[in-house]
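Listed below, chain by chain, are the residues.
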Amino acid sequence: MDGSNHSRVSEFLLLGLSESPEHQRVLFWMFLFMYLATVVGNVLIILAIGSDSRLHTPMYFFLANLSFTDLFFVTNTIPKMLVNLQSQNKAISYAGCLTQLYFLVSLVALDNLILATMAYDRYVAICRPLHYTMAMSPRLCISLLTLCWALSVLYGLIHTLLMTSVTFCGSRKIHYIFCEMYVLLRLACSNTQINHTVLIATGSFIFLTPLGFMVMSYVWIVRAIFQIPSASSKYKAFSTCASHLAVVSLFYGTLCMVYLKPLDTYSMQDSVATVMYAVVTPMMNPFIYSLRNKDIHGALGRFFLGKSFRG
């Protein structure tokens, strides 16, 4: 196609999961409920940890940051989707789409890196308990979190800047709930080979390296737990990791449903899988971490009922 026929798009159309008015009404209330549940759940986790000095430990420090990331993540996508479901105008500007893409890519990477850091925290707590205070000092925790933010910001910038070099023509309809990288690359009419190459290279580093690190951490953790003589001590040690394992499984499980396939086989039917990692996972995380966590329950009780509450 001749380059003169390629025009810089000014906007895209976010059509969402369905164009049926009846379905859109149902989807609006469903996503509104899920968004409010996500916001309330993650805000409560942050308030509980921030207000109780007993929870000012490395594990809860990273959990609070995970909740903040999830809160930021859903706020980047769901409010715009709710507006689109209630409006006849489904347009999102080119700049708005790239902004949404940047935060989406960055925050998914940040979620992943924080989960890897939390796995390291559990490894040190269980495998090297006598060195835990020194090994997970406040300075190191802040340094690890800063590194997570720096890598995720860089990751988002790389892919967003590469997307600015992509030319779009023809259909500008996005049958998705937000501006997602794979979908945008499918709409491109210019050569996107460099985007694919960088996506595979950086994605392998940002996602597969932390995943390998988490797997190795849990291999050592399981070995250490089996060496504990007391059954009750084994259960207590494992229970401190169970929530993290559940969140990691949910995160990578839903992510693989969407991205563990070639770009040319990517289908609009993957929208449901996208909802799983983009909406359901951030909503479920605070419930998974707080469901059987007496420390969180006690902190929330003291926050709302006063210091006399005993969790």
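Parameters at a glance
Residues numbered from 1 in each chain as written. Predicted model: local features only at pLDDT ≥ 70, side-chain atom pairs only at ≥ 80, totals over all residues. Heavy atoms only, no water. Helix = DSSP H or I, 4+ residues; strand = E, 2+ residues; numbered from the N terminus. Rg over C-alpha atoms; globule rule 2.2 N^0.38 Å. Buried < 20%, exposed > 50% of the residue type's maximum accessible area, 1.4 Å probe, protein only. Contact = heavy atoms within 4.5 Å. Areas by Shrake-Rupley, 256 points an atom, 1.4 Å probe, with all protein chains shown as cover. Lys, Arg positive; Asp, Glu negative; His and termini not counted. Charge placed at Lys NZ, Arg CZ, Asp CG, Glu CD. Disulfide = S-S within 2.5 Å. Axes fitted to C-alpha atoms, helices over the stretch in contact; angles between N-to-C directions. Parallel < 35°, antiparallel > 145°, perpendicular 65-115°, else oblique. pLDDT = per-residue confidence, 0-100. Core = buried A, V, L, I, M, F, W, Y, C linked by side-chain atoms within 4.5 Å. Pairing = 2+ DSSP bridges. UniProt positions renumbered as here; feature names shortened; annotations may be inferred. Nonpolar A, V, L, I, M, F, W, Y, C, P; charged D, E, K, R; others polar. Expected span 1.5 Å × (residues − 1).

Turning our attention to the overall build of the protein. Within the protein, the secondary structure is distributed over 10 helices and 3 strands. Counted from the first residue to the last, the protein has its helices and strands arranged as β-α-α-β-α-α-α-β-α-α-α-α-α. Radius of gyration (C-alpha) of the protein: 21 Å, near the 19 Å computed for a compact globule of 311 residues. The buried share among the 311 residues of the protein stands at 49%. Contacts in the protein between residues at least 24 apart in sequence constitute 78% of all its contacts with a sequence separation of at least 6. As presented, the protein carries roughly 15600 Å² of accessible surface, and 67% of it is formed by carbon and sulfur atoms. Between the averaged position of the 20 positive side-chain charges in the protein and that of its 12 negative side-chain charges there is a distance of 13 Å.

A complete count under the given rule lists 1 disulfide for this structure. Bridging Cys97 to Cys179, the disulfide has an S-S length of 2.0 Å. Judged by the torsion about the S-S bond (-125 degrees), the Cys97/Cys179 disulfide is left-handed. Residue Cys97 is found in helix H3 (residues 94–127), and its partner Cys179 is found in the loop between strand S3 (173–174) and helix H6 (181–187); the two are separated by 82 residues along the sequence. Given the relative accessible area of 1%, Cys97 is considered buried. Here Cys127 is not disulfide-linked; the sulfur of Cys241 is the nearest cysteine sulfur, at 8.6 Å. Judged by relative accessible area, Cys127 falls into the partly exposed class, the value being 26%.

Moving on: the packing of helix H1 (residues 21–51) against helix H10 (residues 294–305). Two numbers describe how H1 lies on H10: the axes approach to 9 Å, and their chain directions differ by 80 degrees. Judged by the inter-axis angle, H1 sits roughly perpendicular to H10. Counted together, Leu44, Ile45, Leu47, Ala48, Ile49 and Ser51 of H1 and Ile296, Ala299, Leu300, Phe303 and Phe304 of H10 form the full contact between these two elements.

What follows deals with the confidence of the model for the protein. Of the residues in the protein, 91% reach a pLDDT of 70 or more, and the chain-wide mean stands at 85. The low-confidence segment residues 1–7 (pLDDT under 50) makes 7 contacts with residues lying over four places distant or belonging to another chain.

Another aspect to go through is the nonpolar core. The tendency in soluble globular proteins is for nonpolar side chains to be buried side by side. Phe12, Phe31, Leu115, Met163, Phe168, Ile174 and Leu184 are the most contacted members of the largest nonpolar core, which has 94 residues in total. Ranked by residues supplied to this core, first place goes to H3 with 18 residues. Sequence-distant contacts of Met163, defined by excluding residues within four places in its chain, comprise Tyr94, Leu98, Leu101, Phe168, Met181, Leu184, Leu185 and Asn195.

Before going further, it helps to spend a moment on the sheet that holds S3. One open sheet accounts for 3 strands, arranged S2-S1-S3; its pairing is mixed. The two strands at the open ends of the sheet, each matched to only one other strand, are strand S2 (91–93) and S3. Bridge count for strand S1 (residues 11–14) against S3 is 2 bridges, and the pairing is parallel. Each bridged residue has a counterpart across the sheet, and for Leu14 the counterpart in S3 is Ile174. Each of S1, S2 and S3 touches H3; the most contacted strand, S2, lies at about 80 degrees to it.

Moving on, we get to the pairing of S1. Judged by which residues are buried, S1 turns out to be one-sided: Phe12 and Leu14 face inward and are buried, whereas Glu11 and Leu13, on the alternate face, are not. Strand direction decides the pairing type here: S1 and S2, joined by 3 bridges, are antiparallel. Within the sheet, the bridge partner assigned to Leu13 lies in S2 and is Ala91.

Here the focus is the UniProt feature "transmembrane region" (unreviewed entry) in the protein. Mapped onto the present numbering, the UniProt feature "transmembrane region" (unreviewed entry) falls at residues 26–48, 60–79, 99–120, 140–158, 205–226, 238–260 and 272–291. Along residues 60–79, the helical share is 100% and the strand share 0%, with 28 Å between the first and last C-alpha atoms. From the first C-alpha to the last, residues 205–226 spans 31 Å; its make-up is 100% helix and 0% strand.

With that settled, the discussion passes to the packing of helix H5 (residues 138–164) against helix H7 (residues 193–226). For the pair H5 and H7, the least separation of the axes is 10 Å and the interaxial angle reads 170 degrees. As summarised for this structure, H5 and H7 are arranged roughly antiparallel, according to the angle between their axes. In contact with Leu151, Tyr155, Ile158, His159, Leu162 and Met163 of H5, H7 contributes Ile194, Asn195, Val198, Leu199, Thr202, Gly203, Phe205, Ile206 and Phe207. Residue composition of the contact of H5 with H7, by class: 11 nonpolar, 4 polar and no charged.

So, on to H3. Given a rise of 1.5 Å per residue, 34 residues ought to cover 50 Å, and the 49 Å separating the end C-alpha atoms of H3 matches this to within 8%. Taking burial as the measure, the 34 residues of H3 include 26 buried ones, the bulk of the element.

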